[in-house]
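Next come the chains, spelled out residue by residue.
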2 protein chains.
Amino acid sequence: MTSLRSALPLLFLLSLPAFAADPLPSWHEGANKQQIIAFVQAVTTEGSKDYVKPAERIAVFDNDGTLWTEQPAYFEVLFAFDEVKRLAAQHPEWQTTQPFKAVLEGDHQALAASGMDGLLKIIGATHTGISTEAFIDNAKNWLKQARHPKTGKPFNQMIYQPMLEMLDYLRSQQFKTYIVSGGDTAFMRAFAEEVYGVPPEQVIGSNFVTQYQLKDGQPQVLRTAKLAHNDDGPGKPESIDSIIGRRPILAFGNSDGDLQMLQWTAAGKGKRLMGLVHHTDAQREWAYDRNSQVGRLDKALDLAKTQHWTVVDMARDWRRIYPFDPAVQAEVQ
Amino acid sequence: MTSLRSALPLLFLLSLPAFAADPLPSWHEGANKQQIIAFVQAVTTEGSKDYVKPAERIAVFDNDGTLWTEQPAYFEVLFAFDEVKRLAAQHPEWQTTQPFKAVLEGDHQALAASGMDGLLKIIGATHTGISTEAFIDNAKNWLKQARHPKTGKPFNQMIYQPMLEMLDYLRSQQFKTYIVSGGDTAFMRAFAEEVYGVPPEQVIGSNFVTQYQLKDGQPQVLRTAKLAHNDDGPGKPESIDSIIGRRPILAFGNSDGDLQMLQWTAAGKGKRLMGLVHHTDAQREWAYDRNSQVGRLDKALDLAKTQHWTVVDMARDWRRIYPFDPAVQAEVQ
């Protein structure tokens with residue numbers, strides 16, 4: 001039987017404050033995890049030379065390939081294809097018109113032949129000509145029923161558990177977490193709050209010119225077919241400057257489309273963290289970089305090496321990929 | 001000598017909770033003040049049928065004429081004129097070219113004759129062709145030295161004390177307060193946080209197309225001369241939809257340029273508050289509405305009456321206009 005005296009030190013251990021818990025349990029111990037935690041501690045410790053006041057703790061994250069999977073194609077493109085099928089009955093002309101015919105017939109060759117022009121027609125037909133609210137409803141309905149072709153899971157479960165932990169960790173340390181992505185802003189708002197905890201006003205993406213109008217006496221904001229902003233590459237620091245109006249102190253991406261956002265973040269004063277998710281895990285997710293059509297990571301990877309940015313090696317750094325993967329045991333440190 | 005027994009009730013009164021304090025001391029008692037307080041209490045009282053969760057408590061305010069004075073001209077236009085004078089040495093051609101010559105010579109007639117085209121040239125020459133950061137620095141420098149022609153006060157003191165109290169009150173009740181104004185976003189960011197407590201990411205205005213570029217190896221966001229968005233009239237609900245992604249539950253303006261923002265707010269579900277500042281005080285501020293060049297209030301005033309929106313009568317409702325006005329004594333209720 002344990003004496004009261006010997007039990008006391010144990011009780012003391014149990015009452016250790018919350019910071020002793022691992023904020024990133026799905027990350028393997030190693031240089032990258034250490035870098036992230038050391039950065040957060042440096043900028044949040046009052047009196048530290050790197051201290052940043054809470055209002056300035058802006059963290060920006062790309063979405064496709066950084067917070068969720070982007071293979072075998074951007075999920076928003078798969079949504080657009082499914083929408084063509086759903087809307088086909090209202091558009092009998094699509095049965096004989098490319099690129100819609102190719103989507104309806106599952107004709108990959110004809111679809112590929114229609115190229116970027118074809119894709120833009122599909123995006124236009126499924127993303128515009130309706131109100132923002134109606135579009136978000138469509139995206140939400142799709143997310144409820146559509147399943148990923150490889151895993152059979154809903155697309156909004158194909159999110160990276162280690163990145164969710166990082167978002168939560170940052171918010172617990174009074175960071176404001178933003179999505180800054182090439183995807184359509186309203187499409188991302190259909191799920192960002194629920195799955196990432198990122199509210200609509202912190203989702204920045206590409207968007208169409210909208211038009212306020214009265215329809216049957218009711219005001220609505222209509223999405224026109226004209227692109228207002230392409231939130232990719234240089235478009236990312238441009239939208240951060242325009243919408244947030246502060247330079248982030250942390251930026252995470254996974255492709256050359258994030259290069260300028262990382263570069264813009266890096267050029268600010270004081271301590272910053274720039275990171276890339278490198279897709280190196282053909283078993284559990286996908287492995288691709290310099291020669292990929294989707295999420296090409298080439299120039300940004302070179303820059304990351306010379307600039308000593310954090311390059312996450314998915315296979316080595318992440319103990320778990322998706323929330324639906326088996327839970328992991330605490331790692332011996 | 002007062003006995004301990006008789007002093008006890010007084011001590012009890014002194015310990016009343018903070019809500020007993022008047023959140024809007026610069027507002028006269030009356031229907032408008034009551035409406036504002038009743039609205040806030042209704043949407044923030046848990047269990048009330050009108051309850052709105054904190055994340056959805058979005059309040060939007062126009063700036064010119066709603067939060068600060070817009071007479072004798074929009075302050076941003078006065079800034080542009082002063083910038084022409086400051087920059088004239090670098091532009092010898094302005095001495096002989098309109099509309100710059102008119103500004104330099106104080107020739108009001110020639111300036112008026114140059115019309116909207118002339119004004120746009122002045123705005124372009126003073127607002128674009130530089131980085132966002134440099135532009136904000138220019139605006140801050142101007143605010144430090146420029147003085148209002150009537151009061152001799154810095155322009156960022158020409159703000160409405162009753163509206164400051166309303167912003168504070170809303171934030172104390174977990175509202176998120178936004179500026180949604182026709183003014184240039186970056187110009188407003190030069191003072192909004194300091195004077196209104198509204199951070200950069202909650203300032204929405206008109207903006208120019210920007211261009212991310214490397215200059216001498218340093219990244220910068222350059223303001224080009226092309227207008228990206230005119231945040232006036234229908235542009236206001238459009239930017240709210242695009243940038244906030246939630247419909248406000250409270251909107252305040254002062255002119256026909258705010259009509260669509262108020263209409264869009266009003267058309268949402270549940271309890272809302274729509275308000276207009278009616279400039280009725282020729283003694284302490286200005287009196288103008290249907291026939292004014294600046295801040296014309298005509299159609300929105302008619303709509304406010306039929307829709308029972310809150311129309312603030314500046315002369316009757318406000319005990320104090322500016323923070324530099326003499327402090328007011330508590331009013332007998």
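Numbering of residues begins from 1 in every chain and follows the order in which that chain's sequence is written. Whichever chain is written first is A, and whichever ligand is written first is 1; the rest continue in order. Local features in a predicted model are, by the rule used here, given only for residues with pLDDT of at least 70; side-chain atom pairs are given and counted only at 80 or more, and totals for whole chains, interfaces and linings are based on all residues. To obtain the side-chain values, all non-hydrogen atoms of the structure were used and water was disregarded.

Q: Can you break down the sheet that holds strand β2 (residues 176-184) of chain A residue by residue, with the values?
A: Residue and element names in this part refer to chain A. Pairing is mixed in the open sheet, where seven strands are placed in the order β4-β3-β2-β1-β5-β6-β7. Taken across any chain shown, the strands that pair with only one partner, and hence form the sheet edges, are β4 (218-229) and β7 (310-313). Within this sheet the neighbouring strands show an average axis-to-axis angle of 30°, counted without direction. For two strands to be treated as a pair, DSSP must find no fewer than two bridges joining them. Elements are defined by DSSP. Helices are runs of H or I of four residues or more, strands are runs of E of two residues or more, and each kind is numbered from the N terminus. Angular values range over 0 to 180 degrees, each being the angle between N-to-C directions of two axes fitted as lines to C-alpha atoms, with helices fitted over their stretch in contact.

Q: Just give me the short version of the relation of the copies chain A and chain B, but keep the residues and values in it.
A: The fit set for superposing copies consists of C-alpha atoms from residues with pLDDT of at least 70 in both; the fit itself is least squares. Superposing chain A onto chain B requires a rotation of 180° together with a translation of 0.0 Å along the rotation axis, leaving an RMSD of 0.0 Å. The two molecules are tied by a two-fold rotation axis, judged by turn and shift. Looking at the rotation axis and the C-alpha trace of chain A, the residue lying nearest is A:I243, at 3.6 Å. Any two residues having at least one pair of non-hydrogen atoms within 4.5 Å are treated as being in contact. A share of 100% of interface residues in chain A that are also interface residues in chain B marks the association as one of identical surfaces.

Q: Mind laying out the packing of aromatic side chains, listing which residues take part and the relevant values?
A: Only the six-membered ring of Trp is used, alongside the rings of Phe and Tyr, when aromatic pairs are assigned; centres must lie within 6.5 Å, and planes under 30 degrees apart are stacked while those over 60 apart are edge-to-face, with the rest tilted. Summed over the entire model, instances satisfying the criterion amount to 36 aromatic pairs over all chains. When the centroid spacing of 6.1 Å and the interplanar angle of 15° are considered together, the rings of B:F61 and B:F252 count as stacked. Here B:F61 is found in strand β1 (residues 58-61), whereas its partner B:F252 is found in strand β5 (residues 250-253), with 191 residues between them in sequence. You'll find B:F61 and B:F252 in the same group, each marked buried. Aromatic side chains B:F79 and B:F187 sit 5.1 Å apart centroid to centroid with 35° between the ring planes, which places their arrangement in the tilted category. Placement of B:F79 in helix α3 (residues 75-87) and of B:F187 in helix α8 (residues 185-189) is noted, with a sequence separation of 108 residues between them. Both residues of the pair, B:F79 and B:F187, belong to the buried class. Here the aromatic cluster, defined as three or more aromatic residues joined through ring pairs, consists of A:W68, A:F75, A:F79, A:F135, A:W142, A:F155, A:F187, A:F191 and A:Y196. Charge over a ring is defined by NZ of Lys or CZ of Arg lying within 6 Å of the ring centre and within 35 degrees of the ring normal. The ring of A:F324 carries A:K153 above its face, with NZ or CZ at 4.7 Å from the centroid. We note B:K150 situated over the ring of B:W286; from NZ or CZ to the ring centre the distance is 4.1 Å. Burial classes: relative accessible area under 20% of the type maximum marks a residue as buried, over 50% as exposed, and values in between as partly exposed (1.4 Å probe, protein chains only).

Q: How would you summarise the interface of chain A and chain B if you had to cite specific residues and measurements?
A: Of the residues lining the interface, 34 residues belong to chain A; the matching set on chain B comes to 34 residues. Once two parts are put together, the accessible area they lose, assessed with a 1.4 Å probe and summed over both, is termed the buried area. Together, the buried faces of chain A and chain B total about 2800 Å²; carbon and sulfur atoms form 47% of this surface. What counts as a salt bridge is simple: a side-chain nitrogen of Lys or Arg found within 4 Å of a carboxyl oxygen of Asp or Glu. Here chain A and chain B share eight salt bridges between them. Think of a polar contact as two N or O atoms within 3.5 Å of one another; within protein, one of them needs to be a possible hydrogen donor and the other a possible acceptor, and neighboring residues in sequence only count if both atoms come from side chains. Our count for the chain A to chain B interface comes out at 24 residue pairs in polar contact (both at pLDDT 80 or more). For the side of chain A that touches chain B, the elements supplying multiple residues, two or more each, are α6 (132-145), β2, α8 (185-189), β3 (203-215), β4, α10 (235-244) and α11 (259-266) of chain A.

Q: Talk me through the sheet that holds strand β7 (residues 310-313) of chain B; I want residue IDs and the actual numbers.
A: All names here are of chain B. If you trace the seven strands from one edge of the open sheet to the other, you get β4-β3-β2-β1-β5-β6-β7, paired in mixed fashion. Two strands bound the open sheet, and with one partner strand each, they are β4 (218-229) and β7. Looking at each pair of strands side by side, their axes are set apart by 30° on average, direction ignored. Sheet topology note: the strand β3 (residues 203-215)/β4 ladder contains eight bridges and is antiparallel. By the bridge assignment for β4, K215 is matched with Q218.

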